[in-house]
Amino acid sequence: MLKELYNKKRKQLFLGFLIGVAFGFLLDRGGATDFNIIVNQLLLRDFRVLKIIFTAIITGMIGVHIIVRYLPPELQPKPCQWKPIIIGGLIFGVGFAVLGLCPGTAAGAMGTGAIHAIFGVIGMLLGAGIFASVYTYIEDFMAESDLGPVTIPESLEINKWWIILVFSIILAAIMFFLESAGF
Amino acid sequence: MNIISSDLWSPYVVGIGIGILIWLGFIFSNKAIGCSTAYARTSGMAERAVRGKKVEEKPYYKKFVPEIDWEWMLVLGIVVGSLISSLLSGSFRLETVPLIWQNTFGSSQILRFIGALIGGLLLGFGARMAGGCTSGHGLSGTSQLSVGSWLAFIFFFIGGISTALLLYGGI
């Protein structure tokens, strides 16, 4: 039944939209659509954004691994192209601080009336377009360090539930520490 | 406290909610939530509108066909969802120069718009090079315990924290 649903194009587009509406609502309630809250996180003055992300990872990690165990979906980890990930990740990070928003939260910020976020979105369209144009020239570099779609349990050869337990404890401990330190 | 009009919710409640949305994306759509490919596809659609069908021949657009897909609708939904949220809470307001930016670079709107454009450009390029953004890598990829996504997530914040400290931190 679920597998049939995956092929229904119009229904899927509508589902994507619905999940997006809920996502945008939550991002705004979390404060993540606000430039000041994101920049204060990057300045390590306010840890609201990391608390949201860590809690979402714990919740997501446990749920997703139960889902792929009992339902049709399978894990879909992205390829670990470590060189482009590190370089692209750092470039992304610089943009993250300058715009004060990321691709998802910039869309959300537009919804809350942030005019400057519209320029951020135009910039992202240009940046993605430039990447598409230079892709031909860096395709080999992208593929060169590709380790494939590896997961942490696979590469460490440890049962995934142990990893999930340890990661959940570490992330929860960091959040507990932040709360105790008054953040 | 009225939950509908309360401006900010506990980050833990929001985080659990977003985690559940990751489940729903997997269960009902077999999709991992992500945002940055929508920008690549839109860029392709815009370029195709100007330069015609030959744009589709670019190798990158063969991988990420310029069309409206699930993620594209997700990003559109984010705009609508945050609009609804901010209207209900009363936090909706037109913002041209955010406070921290203003304290650092002054109240020029043009300067902020140029800054936002440059920031966006780096985000768009970096996300496509890294293969995802704070959602695709930072939430969905990390939840799947993907090695590349954890690496990306860490480097997003290394780049972000160091740049923010340099720009706004008075260092």
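Up top is the structure these notes are about.
Residues numbered from 1 in each chain as written. Chains lettered and ligands numbered in written order. Predicted model: local features only at pLDDT ≥ 70, side-chain atom pairs only at ≥ 80, totals over all residues. Heavy atoms only, no water.

## Here we look at the pattern of salt bridges
- One pass over the full model with this rule turns up nine salt bridges over all chains.
- Across the pair Lys51 of chain A and Glu179 of chain A runs a salt bridge, and its minimum N-O distance is 3.0 Å. Separated by 128 residues along the polypeptide, Lys51 of chain A in helix H4 (residues 48-70) and Glu179 of chain A in helix H9 (residues 160-180) bring together distant segments of the chain.
- Classification of Lys51 of chain A by relative accessible area gives buried; the value is 7%.
- Linking Arg48 of chain B and Glu56 of chain B is a salt bridge whose minimum nitrogen-to-oxygen distance equals 2.7 Å.
- Take Arg48 of chain B: its relative accessible area is 24%, and that puts it in the partly exposed class. (Salt bridge = Lys/Arg side-chain N within 4 Å of Asp/Glu carboxyl O. Helix = DSSP H or I, 4+ residues; strand = E, 2+ residues; numbered from the N terminus. Buried < 20%, exposed > 50% of the residue type's maximum accessible area, 1.4 Å probe, protein only.)

## Regarding the nonpolar core
- Ranked by internal contacts, the top residues of the largest apolar core, which has 81 residues, are Phe23 of chain A together with Ile18 of chain B.
- Sort the elements by how many residues they give to this core and H4 of chain A lands first, with eleven residues.
- Residue contacts for Phe23 of chain A: discarding those within four places in its chain leaves Ile18, Leu21, Ile33, Cys35, Ile78, Ser135 and Leu139 of chain B.
- Counting 13 residues, the second-largest nonpolar core is a separate cluster that includes Phe131, Tyr135 and Met142 of chain A together with Tyr60 of chain B. (Core = buried A, V, L, I, M, F, W, Y, C linked by side-chain atoms within 4.5 Å. Contact = heavy atoms within 4.5 Å.)

## Looking at the interface of chain B and chain A
- In this complex, chain B contributes 119 residues to the contact, which on the side of chain A involves 119 residues.
- In total, chain B and chain A occlude about 10,400 Å² of area from one another, counting both sides; carbon and sulfur atoms represent 76% of this.
- Contact with chain A buries surface across chain B, with Tyr39, Met129 and Leu145 of chain B losing the most and accounting together for 8% of the total.
- Our count for the chain B to chain A interface comes out at zero salt bridges.
- Elements supplying a minimum of two residues to the side of chain B that touches chain A: helix H1 (11-29), helix H2 (36-51), helix H3 (59-63), helix H4 (70-89), helix H5 (99-105), helix H6 (109-130), helix H7 (136-143) and helix H8 (147-168) of chain B. (Buried area = accessible area lost by both parts, 1.4 Å probe.)

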